[in-house]
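Residue strings, one per chain:
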Amino acid sequence: MKKIIVLLVAMLVLTACQNNDDEDAGAIEQPENLDEALVDFQDGDPTDEESYLGAWITYQSDDEPYEILRIEEEDGEYHFNYNEVGSEGRLLQDIIGVLDEFEDGYGLFEYDSDRFGSSGQFELFLEEDGIHLVQAINLENRDETAEHELFFDKKLER
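Residues numbered from 1 in each chain as written. Predicted model: local features only at pLDDT ≥ 70, side-chain atom pairs only at ≥ 80, totals over all residues. Heavy atoms only, no water.

Draft legend 1. Main features of the sheet that holds strand β5 (residues 91–98). One open sheet accounts for six strands, arranged β1-β11-β2-β3-β4-β5; its pairing is antiparallel. Taken across any chain shown, the strands that pair with only one partner, and hence form the sheet edges, are β1 (38–40) and β5. This sheet shows a mean twist of 25 degrees between the axes of neighbouring strands, independent of strand direction. By the bridge criterion, two bridges tie strand β2 (residues 54–57) to strand β11 (residues 154–156) in an arrangement that is antiparallel. Bridging from a neighbouring strand, I57 pairs with K154 of β11. (Pairing = 2+ DSSP bridges. Helix = DSSP H or I, 4+ residues; strand = E, 2+ residues; numbered from the N terminus. Axes fitted to C-alpha atoms, helices over the stretch in contact; angles between N-to-C directions.)

Draft legend 2. Broad picture of the sheet that holds strand β6 (residues 101–103). In spatial order, the strands read β6-β7-β8-β9-β10; together these five strands make up an open sheet with antiparallel pairing. Only two strands of the sheet have a single neighbouring strand rather than two, namely β6 and β10 (145–152). Averaged over neighbouring strand pairs, the angle between their axes works out to 15 degrees when direction is ignored. Sheet topology places strand β9 (residues 130–138) next to β10; eight bridges connect them, and they run antiparallel. When the sheet's bridge partners are listed, A136 is paired in β10 with E147.

Draft legend 3. Inspection of the environment of Y111 at higher detail. Take Y111: it is sitting in strand β7 (residues 106–111). Residue class for Y111 comes out buried when judged on its relative accessible area of 6%. For Y111 and L99, which are 12 residues apart along the polypeptide, the C-alpha to C-alpha distance reads 9.9 Å. Residues contacting Y111, with those up to four places away along its chain left out, are I95, S118, S119, G120, Q121, F122, Q135, A136 and I137. A polar contact of 3.1 Å, which involves the side chain of Y111, links it to the side chain of Q135. (Buried < 20%, exposed > 50% of the residue type's maximum accessible area, 1.4 Å probe, protein only. Contact = heavy atoms within 4.5 Å. Polar contact = N/O pair within 3.5 Å; in protein donor to acceptor, adjacent residues only side chain to side chain.)

Draft legend 4. View of the pattern of salt bridges. Per the counting criterion, the structure on display carries one salt bridge. The residue D40 makes a salt bridge to K154 at a minimum N-O spacing of 3.1 Å. A residue pair is termed long-range when its members are at least 10 positions apart, and D40 in strand β1 and K154 in strand β11 qualify at 114 residues. (Salt bridge = Lys/Arg side-chain N within 4 Å of Asp/Glu carboxyl O.)

This is the structure:
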């Protein structure tokens, strides 16, 4: 009987330890020296889409939320990934897909549904000093659109 009680207590302790690990589930691991990985983008040519490929970030400090934009080319298609990260490191929004259009300094990506049931589009405007991103969100069950604008002027080099 004592062995069964000891076994039950051990199982409870192990279960409690495992549940504590779930507290950080969904958190994005941040590099120790993120500032060192950031490179200011200057003198870009908006007609040369290739120079805008890679990861872009709006990171200012550890205490503030930020966004990450990734544009990659694979087999002639341009893949788009947008992440919104909260100040505590949790992923708030993650939208992935293929750009419908990406030429002459302009990109367009439309999505049918994010995890909240909203649809919308992203427009990318390539500029000499970075990427101007406009997100239009069609709010679910409402006849209105919310607009969110960002400017990415730093590339993330790892």
